[in-house]
Amino acid sequence: MDILLAIKAIIMGLVEGFTEFLPISSTGHLILAGSLLNFTGEKVKVFEIAIQAGAMLAVIWEYRARIARVLAGLGSDPNQRRFAINIVIAFLPAALLGFLFSGLIKAELFAPVPVATAFIVGGLVILWVERRHTGDGHTARVDSVDDMRFSDALKVGLAQAFALIPGTSRSGATIIGGMLFGLSRKAATEFSFFLAIPTLLGATVYSVLKERHLLSMADLPMFGLGGLAAFASAFLCVRWLLRYISTHDFTIFAWYRIVFGILVLVTAHFDLVVWAE
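Residues numbered from 1 in each chain as written. Predicted model: local features only at pLDDT ≥ 70, side-chain atom pairs only at ≥ 80, totals over all residues. Heavy atoms only, no water.

*Asks:* Please explain the nonpolar core as it appears in this structure.
*Replies:* One recurring pattern in soluble globular proteins is that nonpolar side chains are buried together. Residues Phe21, Met148, Phe191 and Phe250 are the most contacted members of the largest nonpolar core, which totals 45 residues. Per-element tally for this core: the top contributor is helix H10 (residues 185-210), with nine residues. In this structure, Met148 is in contact with Arg82, Asn86, Val142, Ala153, Val156, Leu183 and Phe191, ignoring residues within four places of it in sequence. Val15, Leu30, Phe47 and Met222 belong to the second largest nonpolar core, which has 13 residues in total. (Core = buried A, V, L, I, M, F, W, Y, C linked by side-chain atoms within 4.5 Å. Buried < 20%, exposed > 50% of the residue type's maximum accessible area, 1.4 Å probe, protein only. Helix = DSSP H or I, 4+ residues; strand = E, 2+ residues; numbered from the N terminus. Contact = heavy atoms within 4.5 Å.)

Structure follows, in C-alpha cells:
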C-alpha cells in the first residue's frame, strides 16, 4: 500500500470515528470526504461501511462492564434480558429494510447532493425536536435505558431505519427519535450507543460478504488502518459526547448540518467544487 493511500485511509477512519456517534451523519461525511480526496468507487463504498466496525469496538470497550453484566444476566436477570430484547427489537427494522434496499440506496443516494439535502432536512428536524423537548412543561417519560418498554425500542428502531438514507445520521435518527418518543437526552444517547453494536456489526459483515469479489488480501492494510483510526477517534468522541449532553442540547449540530448542507449544494450548483458521484 502506497503512502498516499494509507493517508487517505487514516483520514477516512478519523472522519468515521469523529462523526459516527454525533447527529451529523458519518456516512454523509465519508461520502463528501471521499469525494474531496478522490477516494471513490465500489470498493471504497465497502471500505466506508467496514471501518464502522472500528467505531463499534470503541463503544464495546467503553461499555464493556455493562455489556458483560447483560451477557451474564441473560438467563437469570429479567432487567438485563429485557434490555437485550430491546436492542434486538430496535435493530430489526433497519436490518430488514437495509437487506431489501441496500443496493438501490447505494446506487441512487451515495452521492454528495442527496447527502447535502439530507443534512439540511435532518438539521431542521433536530431544531424542531429540541424546541419541542425544551418547551414549557415538557418532561421525559423514560430517564434510563433500563426503563424502556418494548414499544419504545420499536419506535427507536423505526427511527433508525431513516438513517439508511445517507446524510440522515444513524445516531441522529435514534437519539432525536428517542427524544421525540419520550426518552431523556441521556437515555436516548446511551441507547443509540448500544444499538450501534449490532447495527454496525451487521452492516459490516453483510457488506463485506456481499461485495467480497471486489476485495483481496492486498486491501487488508487499508481496511486495518481505517478501522484503527475509527476506533481511536470514536473512543474520544463517545467520552466527549457523554460529557457534552450533560449540559448542552443538540442545536449546534443542527445548525452545522444546515450550513454544511447549503455549502455543498451551492458549491455543486456553481461548479466551485467538483463533487464526485
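*Asks:* How do you make sense of H10 when you look at a structure like this?
*Replies:* Note: α-helices contain 3.6 residues per turn, so residues at a spacing of three or four share the same orientation. The terminal C-alpha atoms of H10, which comprises 26 residues, lie 36 Å apart, in line with the 38 Å expected from a rise of 1.5 Å per residue. Of all the bends found along H10, the most pronounced is centred on Ala196 and spans about 35°, while Pro198, a proline, follows it within four residues. (Expected span 1.5 Å × (residues − 1). Bend = angle between axes of the 7 residues up to and from the residue.)

*Asks:* So what exactly am I meant to see when it comes to the layout of surface pockets here?
*Replies:* If a probe the size of a water molecule is rolled over the atoms, the empty space left behind becomes visible. For the largest pocket, the calculated volume is near 640 Å³. Forming the walls of the largest pocket are 29 residues, and the residues nearest its centre are Gln52, Gly98, Leu164, Thr199 and Ala203. Among the secondary structure elements, those contributing two or more residues to the lining of the largest pocket are helix H2 (26-36), helix H6 (78-109) and H10. Among the elements that line the lining of the largest pocket, the one with the most residues is H6, at eight residues. Grouping the constituent residues of the lining of the largest pocket by class yields 14 nonpolar, 12 polar and three charged. (1 Å grid on protein atoms, 1.4 Å probe; cavity = no way out; pocket = protein on both sides within 12 Å on 5 of 7 lines; lining within 4 Å. Points joined across faces, edges and corners; volume = space filled by probe spheres on them. Nonpolar A, V, L, I, M, F, W, Y, C, P; charged D, E, K, R; others polar.)

*Asks:* What is the right way to read unusual backbone geometry from this model?
*Replies:* Excluding glycine, most residues fall at negative phi; most peptide bonds, likewise, are trans. We note that Ser25 has phi near 75°; this positive angle belongs to a residue other than glycine. Its place among the elements puts Ser25 in the loop between helix H1 (3-19) and H2. Positive phi, normally seen in glycine, also occurs at Asn38, with a value near 55°. With respect to the helices, strands and loops of the structure, Asn38 is situated in the loop between H2 and helix H3 (42-50). Judged by its relative accessible area of 61%, Asn38 falls in the exposed class.

Everything listed here is a matter of coordinates, which is why it stays silent on function.
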